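Analysis of the macromolecular model
Below are the chains, spelled out letter by letter.
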Amino acid sequence: MKKILISTFLLSLLLLNGSASAGELRAGAAKVDITPPPGVSLDGSISKNGPVSAIHDRLHARALVLDDGTTRIAIVIVDSCMVAEEVFDGAKQIVHKQTGFPTDRMLMAATHTHAAPRLIHIGTNPIDDEYHRDATQKIAQAVLQAEKNLVPAQLGHGSFQLEGLIACRRFLCEPGSVEPNPFGETGERIKSVAGKSSAVIKPAGPVDPEFSVISVQDHQGDQIAVLGNFSVHYCGGYRRGLVSADYFGQFSEQIQAKLSTTGKLPAIGLMSNGTSGNTGAFQNQGRKFQPFEGMQYYGRMMADKTVKLIEELPHNSDLDIAMIQKPLTLHVRKPSAERVEWAKGILADPDAKTPHRWSRIYANETMHLSKYPETTTIKLQAIRIGDLAIASAPCEVFAESGLALKKASPHPKTIHIELANGYGGYLPPREQHELGGYETWPARSSFLEVDAERKIRETQLEMLESLK
Ligand SMILES: [Zn+2]
């Protein structure tokens with residue numbers, strides 16, 4: 001009798017929580033404004049955008065919760081350059097304490113807009129710390145609100161190609177033509193961000209031009225949410241001190257404007273970053289854009305194509321959901337004693353002649369890395385929704401890694417979301433490490449071991465296979 005009572009109690013709790021019977025999809029979405037107040041730092045370790053002085057367009061945390069009656073998952077996309085694991089973990093704990101949502105069923109990722117604070121403690125003023133705490137609370141609020149908004153739903157997915165908007169930003173150059181790196185080392189073969197070469201041969205890698213779409217509607221066909229996924233680093237064209245969510249925010253707001261139904265909750269657009277660690281901003285196709293104009297143009301174009309695709313997509317409510325999370329421990333590329341001495345020398349003498357205009361920045365980064373632990377443990381996640389799979393990693397993943405994973409995946413359709421559940425820096429494959437270039441230079445933005453890409457990709461594939 002006692003047992004039956006407990007079961008009934010649990011069942012009513014589940015019902016109160018909005019769960020449905022197995023195979024009947026429910027979905028809810030929400031967004032919460034996370035725009036920083038004036039004064040919060042927009043600086044990275046290299047780009048210095050100064051403190052916030054004005055808002056061009058607002059930043060949000062956007063959440064999509066899906067529940068098949070047995071398994072509940074959340075996908076949360078945050079308008080930030082990158083978000084530390086402890087910020088996401090803090091948000092997951094807040095949600096878990098309030099509703100019991102398992103913390104390992106929440107995928108939280110940053111978009112990589114560069115006109116937003118880095119939620120990884122680069123800024124050190126009290127106002128920056130306050131923003132971290134505030135953003136943590138608000139990311140949690142987005143999930144809690146999305147849970148409250150759960151209604152019976154149907155889901156469809158598809159994709160289109162956007163070749164013209166994407167390019168590899170690492171260029172393979174003739175031997176001997178590339179300037180020394182910030183540490184004064186010669187022999188690199190890559191011209192990338194801040195690199196110089198007299199003889200470019202070709203792009204050093206492929207791009208993934210697939211724009212993927214997950215459409216979630218209620219049973220009347222009214223839009224609940226749209227999750228987009230594309231692999232361009234960011235669009236840029238900012239002004240110093242101005243906050244912007246870049247094309248990620250433009251896409252999301254366009255989706256809301258185009259697909260919301262009067263009398264219902266607004267349609268929430270979420271724009272996730274795929275595998276853009278080595279891809280450049282948009283090709284301007286001969287256009288000259290004013291500040292902020294390019295991101296608006298491309299955000300609108302992506303949303304227009306997405307709306308057209310959704311009209312043709314079959315939607316289904318009989319879908320089962322599965323999700324797994326796995327820790328992976330990797331070595332950190334810590335600086336040698338010799339490198340630390342070099343860095344101390346550079347930093348001790350402000351007049352010292354340096355081999356590269358960024359040598360001082362990298363000397364400073366060397367000192368940061370010298371205090372890192374020998375190993376770090378990252379979170380990898382894999383999700384399956386019917387025949388659709390999603391893999392995630394906390395890094396700035398290269399296009400070739402994503403393409404290889406999509407090809408090897410046992411699922412009919414696979415999406416990759418980068419910058420998820422923490423920040424592990426750039427993830428060049430071993431052969432790209434050997435070629436050198438900005439993305440490989442050791443810093444807080446590139447610190448995982450040389451074989452991290454292979455280990456992460458192989459683990460992601462095992463996880464996708466176990467969800468088959
Ligand atoms: Zn980046």
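Quantities reported herein were computed from a predicted structural model and do not represent experimental measurements.

**Points about the environment of Ile201**
- Along the chain, Ile201 turns up in strand 10 (residues 200-203).
- According to the relative accessible area criterion, Ile201 is partly exposed, its value standing at 40%.
- Taking the C-alpha atoms as reference points, Ile201 and Glu174, separated by 27 residues in sequence, lie 6.5 Å from one another.
- With residues near it in sequence (within four places) discarded, Ile201 still touches Leu172, Cys173, Glu174 and Arg189.

**Some words on the packing of aromatic side chains**
- Taken as a whole, this structure holds 16 aromatic pairs when the rule is applied.
- Taken together through their ring pairs, the aromatic side chains of Phe183, Trp342, Trp358, Tyr362, Tyr426, Tyr438 and Trp441 make up a single cluster.

**Re the sheet that holds strand 17 (residues 375-385)**
- Spatially, four strands are ordered 16-17-18-20 in an open sheet, and the strand pairing comes out mixed. What marks the edges here is a single partner per strand, and that holds for strand 16 (321-331) and strand 20 (413-417). Each strand of the sheet is rotated relative to its neighbour by a mean of 20°, with strand direction disregarded.
- Across the sheet, helix 10 (residues 452-466) is in contact with strand 16, strand 17, strand 18 (388-392) and strand 20; its angle to strand 16 comes to roughly 160°.

**What to know about the coordination of the zinc ion**
- Taken together, the protein donors to the zinc ion comprise His112 (NE2), His233 (NE2) and Glu396 (OE), at separations of 2.1 Å.
- In the primary structure, the donors to the zinc ion are separated according to the pattern H-x120-H-x162-E. With His112 in the loop between strand 5 (106-110) and helix 3 (126-148) and His233 in the loop between strand 12 (223-230) and strand 13 (242-243), this residue pair connects regions lying 121 residues apart in the sequence.
- Under the relative-accessibility criterion, His112 is labelled buried at 1%.
- In this structure His233 comes out as buried when scored by relative accessible area, which is 1%.

**Structural notes on unusual backbone geometry**
- Positive phi outside glycine occurs at Phe292, with the angle close to 70°.
- Relative to the helices and strands, Phe292 is located in the loop between strand 15 (279-280) and helix 5 (293-312).
- Its identity as a non-glycine residue notwithstanding, Leu419 has a phi of 55°, on the positive side.
- Along the polypeptide, Leu419 turns up in the loop between strand 20 and strand 21 (426-427).
- Assessed through its relative accessible area of 0%, Leu419 is described here as buried.

Conventions used here
- Note that residues are indexed from 1 along each chain, following the sequence as it is written.
- The model is predicted, so local features are restricted to residues of pLDDT at least 70 and side-chain atom pairs to those at 80 or more, both for listing and for counting; the totals for chains, interfaces and linings are taken over all residues.
- With hydrogens and water excluded, all non-hydrogen atoms of the structure serve as input to the side-chain values.
- Secondary structure elements follow DSSP: runs of H or I no shorter than four residues count as helices, runs of E no shorter than two count as strands, and numbering proceeds from the N terminus.
- The cut-offs for exposure are 20% and 50% of the maximum accessible area for each residue type, with area from a 1.4 Å probe on protein chains only; residues under the lower value are buried, those over the upper are exposed, and the others partly exposed.
- Contacts are assigned to residue pairs that have any heavy atoms within 4.5 Å of one another.
- Stacked, tilted and edge-to-face are the three classes assigned to paired rings of Phe, Tyr and Trp, where Trp is represented by its six-membered ring and a pair needs centres within 6.5 Å; plane angles under 30 degrees give stacked, over 60 edge-to-face, the rest tilted.
- A pair of strands is considered paired only if DSSP assigns at least 2 bridges between the two.
- Fitting a line to C-alpha atoms yields each axis, with helices limited to the stretch in contact; the angle taken between N-to-C directions then spans 0 to 180 degrees.
- The rule for donors is simple: N, O or S, within 2.8 Å of the metal, or within 3.2 Å if the metal is Na, K or Ca. Water isn't counted, so a site may look like it is missing partners.

So, to be careful, I would describe these as geometric facts and stop short of saying anything about function.
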